[in-house]
Amino acid sequence: MPFTKFTNLDFDQIKTSIKDYIRSNSDFTDFDFEGSNLSVLIDILAYNTYITAFNSNLIVNETFLDSASLRENVVSLARMVGYTPRSRKCARARISFSTVVPNTNSSLTLKSGLVCVGRNSSSSFVFSTPENITTTVNSETGAANYSDIEIYQGTYLTQIFTVDGSLDQKFILDNTFIDTSTIRVRVRGASDSGDGREYQRAENILKITGTSEIYLLHEVQDEKYEIIFGDGIFGKKLENGSVITVSYIVTDGKDGNGASEFNFAGDFVNSLNATVIPLASIDVVTNIRASNGGDIEPVDSIKYFAPRLYSSQYRAVTSRDYEAIVQSLYPNSEAVFVTGGEDLDPPQFGNVFISVKPVNGDFLSDFEKRNLLSGLKSYSLSGINQQIVDIKILYVEVDSFVYYNTSQVSNVQDLKTKIIDILYSYSKSSSVNSFGGRFKYSKLVQTIDNTDYSITSNITKVKMRRNLRALVGEFAQYELCFGNQFHINPEGYNIRSTGFTVFGDSDTVYLTDIPNKNPDGTLDDSGKGILSIVKPISETNETKVVVKSAGTVDYTKGEIILTTIRIEGTEKENNVIEIQAFPESNDVIALKDIYLVFEVSKSTINMIRDTISSGEQISGVGFQITSSYSDEKLIRS
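Definitions and cut-offs
- Residues numbered from 1 in each chain as written.
- Predicted model: local features only at pLDDT ≥ 70, side-chain atom pairs only at ≥ 80, totals over all residues.
- Heavy atoms only, no water.
- Helix = DSSP H or I, 4+ residues; strand = E, 2+ residues; numbered from the N terminus.
- Rg over C-alpha atoms; globule rule 2.2 N^0.38 Å.
- Buried < 20%, exposed > 50% of the residue type's maximum accessible area, 1.4 Å probe, protein only.
- Contact = heavy atoms within 4.5 Å.
- Areas by Shrake-Rupley, 256 points an atom, 1.4 Å probe, with all protein chains shown as cover.
- Lys, Arg positive; Asp, Glu negative; His and termini not counted.
- Charge placed at Lys NZ, Arg CZ, Asp CG, Glu CD.
- Expected span 1.5 Å × (residues − 1).
- Arc of directions from axis to C-beta.
- Polar contact = N/O pair within 3.5 Å; in protein donor to acceptor, adjacent residues only side chain to side chain.
- Salt bridge = Lys/Arg side-chain N within 4 Å of Asp/Glu carboxyl O.
- Pairing = 2+ DSSP bridges.
- Axes fitted to C-alpha atoms, helices over the stretch in contact; angles between N-to-C directions.
- Parallel < 35°, antiparallel > 145°, perpendicular 65-115°, else oblique.
- Left-handed = near helix turned anticlockwise from the far one by under 90°.
- Nonpolar A, V, L, I, M, F, W, Y, C, P; charged D, E, K, R; others polar.
- Phe/Tyr/Trp six-rings, centres within 6.5 Å; stacked < 30°, edge-to-face > 60°.
- Lys NZ or Arg CZ within 6 Å of the ring centre and 35° of its normal.

Turning our eyes to something else, we now look at the overall build of the protein. Across its full length, the protein holds 8 helices and 37 strands. For a compact globule of 637 residues, the expected C-alpha radius of gyration is about 26 Å, and the protein comes in at 33 Å, more than 25% above that figure. Counting over 637 residues, the protein shows a buried share of 44%. A separation threshold of at least 6 residues defines the contact pool for the protein, and within that pool the share at least 24 residues apart is 69%. Surface exposure of the protein reaches about 34000 Å², of which carbon and sulfur atoms provide 49%. In the protein, 59 side chains carry a positive charge and 79 a negative one; their mean positions are 2 Å apart.

In structure tokens:
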């Protein structure tokens, strides 16, 4: 009889197997295992076997990318397929400033390192530049202008290594939280002078020769990074005694986002590398506030993208290839959607359309689009044209009336805050915040009811919204597709917008809908309506139609078309007009090219006392319930 079954991982099963083995020996057939001292020895054996089996199982799991849980093991396995996890990312801002120096200088260099101290709503952060920035000096006035330079949130550091060929050297950077895009490597030979030659980072060994001045970068333990140089076959081999100078920026990641007020703190040198002191204080102008800071790539993301980037073999062919490569080129992306031009109506053959949702924000800047397209050129096939298009976002908002038992609630505001926190957690789920996301009404209602035992029920209304980005001062046509059927209100006003102004009328106007009707006043079967421009008349509390037919509404397709119009301004910032509609179904499902967002910040939570659950006596047929947290009143009869 075998000693024990190797498939047993439970302590009790192991212990039973050991007892069965001992009983198989005739000397212990009738032995009392439970009450004897031998039972203690059996427990020790079982525990030892159990712990060994448990550790063996963990060790085996850590050897596979799918089941590994320790970051250093996941990173090591990803390295085997050529994937380097993305590092922390500096929040980046763009600034301009001018200074005046003695006009004896022909050029002025802003030294790499500390440039500014920036502040957002909560904290102050240092901003640096990884490279020297040089500009010319006006020979008459001594003025030097730095226009639209990019600065990086974080502290600029330098580390020096000396190559010793007798050792098995590893060049590991001492600091964590490094933004690897800011790493600059210079190598000075033993007999060379100056700072040395700059080496470039290589992502793979394609087109690399034995003389290529490149280095490879790997993440190692404790989120630190190792720099690896060539061996003379793939990449130039370093000489003994060479000096390696590595500079980089250590960053606070996403915490630095939002900084917009900057105070200059940098240093200048002239063409002779002598320090230059400005003759006057420097005022910094913020062109673009700090954004796109991010944390190091999490383990789940490494597991997802490592095999996909490997399968692409550094060429962009399928949509999954593009998804993995775009994530690698632009690590600040939260989601990527790629579609071929052949899938459009009408088709646009030879084109690939890429939509990227940044982690912090809704749209890529023009600068980020140009950088991404430039990076994609080395992966794309000839004859294929890539285009970066702004994502289409479908926002979902709710008006929820939450009934609670007053006898079980001591602080209504705390309960409301708890509900909002739960909704924020739900809004961040992958099924909601994604391209083709799904907002399920039953899950939302259940989530609210399960927030606290004092909640008796909730009545929740769902609204959809899309933002129209107006071309202010230009005649243009607009089309918005919600991808969900609209509810038809016979009286109209199912579609509403925020205010804007149009050419020829200085008053604020709004968009709304009027469904098509038959001569007898009933709705026709077309499922379409008219988009009108209206404005409120405060004196009479009425609504005046400014333009009766300004476009069309397709209630079935969930589509709005605004005919030629010249918009002069909008109530909302960034030339945005918010257009809201009530869906026919409470389940909102986005089309595959539309990014769904459940916007809790614009949703309304109304807390209402459930007097019946509280045991209060109500006289009369109907009664009215009001809430101190809402201006709305509900009539129940």
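Alright, that's what it looks like, and here's the rest.
Between its first and last C-alpha atoms helix α7 (residues 412-427) spans 23 Å; for 16 residues at 1.5 Å apiece the expected length is 22 Å, and the two agree. Within α7, burial applies to V412, L415, K416, I419, L423, Y426 and S427. The arc that holds every buried residue of α7, seen down its axis, measures 120°, which confines them to one face. In α7, those exposed residues whose orientation departs by more than 90 degrees from the buried face are D414 and S425. Taken together, the buried residues of α7 touch β21 (392-404), β23 (438-439), α8 (441-449), β24 (455-469), β34 (594-598) and β35 (604-609). For α7, the N-terminal cap is N411; the gap from its side-chain oxygen to the backbone nitrogen of Q413 is 3.0 Å.

Further remarks concern the pattern of salt bridges. Counting across every chain of the model gives 24 salt bridges. Through salt bridges with shared partners, a single network forms among E397, R465, E578, E599 and K602.

What follows concerns unusual backbone geometry. At N273, a position not held by glycine, the phi torsion is positive, near 65°. Mapped onto the elements of the fold, N273 is located in the loop between β15 (268-269) and β16 (275-276). The exposure class of N273 is exposed, given its relative accessible area of 62%. Of note, the phi angle at N292 is positive, near 70°, even though the residue is not glycine.

On to α8, then. Residues of α8 that are buried include every one of L444, V445, T447 and I448, and no others. For α8, the angular spread of buried residues about the axis comes to 160°, placing them on one side. Where α8 is buried, its residues touch β21, α7, β23, β24 and β34.

The 6 strands are arranged β14-β3-β4-β6-β1-β17 in an open sheet whose pairing can be described as antiparallel. Sheet topology places β14 (261-264) and β17 (284-291) at the edges, where each strand pairs with a single neighbour. Taken pair by pair, the neighbouring strands of this sheet meet at an average axis angle of 35°, ignoring direction.

Turning next to the packing of helix α5 (residues 319-329) against helix α6 (residues 366-376). Between α5 and α6, the least distance of the axes is 10 Å, while the angle of their chain directions is 125°. On the basis of the axis angle, α5 is oblique to α6. Crossing handedness for the pair α5 and α6: right-handed. Contacts from Y322, I325, V326 and L329 of α5 reach α6 at L372, G375 and L376. Residues of the contact of α5 with α6, tallied by class, amount to 6 nonpolar, 1 polar and no charged.

Moving on: the packing of aromatic side chains. Tallying each qualifying case throughout the model produces 18 aromatic pairs. Judged by centre distance (5.4 Å) and plane angle (10°), the rings of F264 and F268 are stacked. The burial state of F264 is the same as that of F268; both residues are buried. These aromatic residues form a ring-pair network of at least three members: F97, Y146, F264 and F268. Over the ring of F363 we find R469, and its NZ or CZ is 4.2 Å from the ring centre.

Let us look at the environment of Y426. Relative to the assigned elements, Y426 resides in helix α7. On the accessibility criterion, Y426 (12% relative accessible area) is buried. With 132 residues separating them in the primary sequence, Y426 and G558 have C-alpha atoms 25 Å apart. If we ignore the near neighbours within four places in the chain, the residues touching Y426 are V432, F439, K440, K443, L444 and F598.

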